[in-house]
Amino acid sequence: MRQEEIWDAETAQRYDTPGTGMFAPEVLAPTVDRLAALAGDGRALEFAVGTGRVAVPLAERGVPVTGIELSVPMVEQLRTKADEATIPVVVGDMATATAPGEYTLVYLVYNTISNLLDQAEQVACFRNAARHLRPGGRFVIELWVPELRKLPPGQQAMVWCVEPGYIGLDTYDVLRQQVVSHHFRFGDSREARLGRSPHRYIWPAELDLMGQLAGFELEARHADWSGAEFTAESRSHVSVYRLPG
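Student: Can you walk me through helix α7 (residues 204–213) in this structure?
Tutor: Every α-helix winds through 3.6 residues per turn, so residues three or four apart in the chain are directed the same way. Restricting attention to buried positions, one finds in α7 the residues Pro204, Glu206, Leu207, Asp208, Met210 and Gly211. Check the buried side of α7 and you find it contacts α6 (119–132), β5 (133–144), β9 (192–200), β10 (217–222) and β11 (236–242). Phi turns positive one or two residues past the end of α7, at Gly215, with a value near 95 degrees.

Student: Teacher, can you tell me more about the packing of aromatic side chains here?
Tutor: We describe a pair of aromatic rings using the distance from one ring centre to the other and the angle between the two ring planes. All chains considered together, the criterion is met by nine aromatic pairs. Ring geometry for Phe126 versus Tyr241: centroids 5.4 Å apart, planes at 80 degrees, classification edge-to-face. Taken as a pair, Phe126 in helix α6 and Tyr241 in strand β11 lie far apart in primary sequence, 115 residues in all. Per residue, the accessibility class of Phe126 equals that of Tyr241, and both read buried. The interplanar angle of 35 degrees and the centroid separation of 5.9 Å between the aromatic rings of Phe139 and Phe216 together place this pair among those described as tilted. Highlighted residues: Phe139 in strand β5 and Phe216 in the loop between α7 and β10, separated in sequence by 77 residues. A residue is classified by how much of its surface remains accessible, and Phe139, at 0% relative accessible area, is buried.

Student: Whenever I open this one, the sheet that holds β9 confuses me. Can you help?
Tutor: Two strands in a sheet stick together by hydrogen bonds in their backbones, pointing the same way (parallel) or opposite ways (antiparallel). Here four strands make up an open sheet; going across it, the order is β6-β7-β8-β9 and the pairing antiparallel. This sheet does not close on itself; its edge strands, each paired only once, are β6 (157–163) and β9. Averaged over all adjacent pairs, the angle separating strand axes in this sheet is 15 degrees, with direction ignored. Direction of pairing for strand β7 (residues 166–173) relative to strand β8 (residues 178–186): antiparallel, over a ladder of eight bridges. Paired with Asp170 across the two strands is Ser181, which belongs to β8.

Student: Looking at this model, I keep getting lost on the pairing of β6. Mind explaining?
Tutor: Residues in a regular strand project their side chains so that they alternate between the two faces of the sheet. Pairing of β6 with β7, which is carried by six bridges, proceeds in the antiparallel orientation. Looking at the pairing, Glu163 lines up with Tyr166 of β7. What sits between β6 and β7 in their antiparallel hairpin is a turn of two residues, with Gly165 showing a positive phi close to 80 degrees.

Student: Even after reading the chapter, I still don't get the environment of Phe47, so can you show me in this structure?
Tutor: Locating Phe47 in the fold gives a position in strand β1 (residues 44–47). Along the backbone, Phe47 and Glu69 are 22 residues apart, and their C-alpha atoms lie at a distance of 6.7 Å.

Student: Would you mind showing me how to read helix α3 (residues 25–39) here?
Tutor: Taking 1.5 Å per residue, 15 residues should reach 21 Å; α3 reaches 21 Å between its end C-alpha atoms and fits that length. Listed as buried for α3 are Leu28, Thr31, Val32, Arg34, Leu35, Ala36, Leu38 and Ala39. The elements touched by buried residues of α3 are α4 (55–60), β4 (103–108), β5, β10 and β11. In the segment just after α3, Gly40 is the residue with positive phi, at about 60 degrees.

Student: Would you mind going over the packing of α6 against α7 with me for this structure?
Tutor: Helix-helix packing: each pair is described by the crossing angle between the helix axes and the interaxial distance. Running from N to C, α6 and α7 cross one another at 55 degrees; their axes reach a closest spacing of 8 Å. As summarised for this structure, α6 and α7 are arranged oblique, according to the angle between their axes. Both α6 and α7 take part in a crossing whose hand is right-handed. For the pair formed by α6 and α7, the contact residues are Gln119, Gln122, Val123, Phe126 and Arg127 on the first element and Glu206, Leu207, Met210, Gly211 and Leu213 on the second. For the contact of α6 with α7, a count of residues per class yields five nonpolar, three polar and two charged.

The rules we used
Residues numbered from 1 in each chain as written. Predicted model: local features only at pLDDT ≥ 70, side-chain atom pairs only at ≥ 80, totals over all residues. Heavy atoms only, no water. Buried < 20%, exposed > 50% of the residue type's maximum accessible area, 1.4 Å probe, protein only. Helix = DSSP H or I, 4+ residues; strand = E, 2+ residues; numbered from the N terminus. Contact = heavy atoms within 4.5 Å. Phe/Tyr/Trp six-rings, centres within 6.5 Å; stacked < 30°, edge-to-face > 60°. Pairing = 2+ DSSP bridges. Axes fitted to C-alpha atoms, helices over the stretch in contact; angles between N-to-C directions. Expected span 1.5 Å × (residues − 1). Parallel < 35°, antiparallel > 145°, perpendicular 65-115°, else oblique. Left-handed = near helix turned anticlockwise from the far one by under 90°. Nonpolar A, V, L, I, M, F, W, Y, C, P; charged D, E, K, R; others polar.

Here's what the structure looks like:
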């Protein structure tokens, strides 16, 4: 499964869920608040900008935002909400594509660095962020913590979400540090709709080493965008890396 095949026109059309899920105000508001504070009076660059879930409200806050996005259909969906002058987008791979100008903030949200499926690509993503930042600039990553402690010996799959009309489960390949997320959506009929996405999971310590290789220092890590303490039980984290000033 290549990323271009996953983020196709059909996915782009049904990606947005205004007011619910990751588009819920209680999810988006703390994200935008934190990113706006980190951007300060500078410009922000979003890797994998998608349909503008974060970029649009951040731009509405007065932060100039540029995006890099691999999927043309996702950019087309973004264009229904913001034009090129409001949120310029470079179509390309976030590990290699270059956006014009210099930024105080580069950010990568909602586990998207794991869409890069090998370690070399993920390190290249850090280095690409560093190339776009001015001295003292920050690279922010939101990422889940692999839940391998919940896998019994010999078991390769784990259900991580059960709610009306939806079941989510992950299958792990611990040898290659790969995981495939399976999303089952269903109604009253006997049939379910399946969507799958491959990822390479990253431990926080490995992520910090990637930052060091690109010249970053870890400035802060919290369990969420509101600044909750990151602990051994945290299921995700928001990590802020800073280039030396």
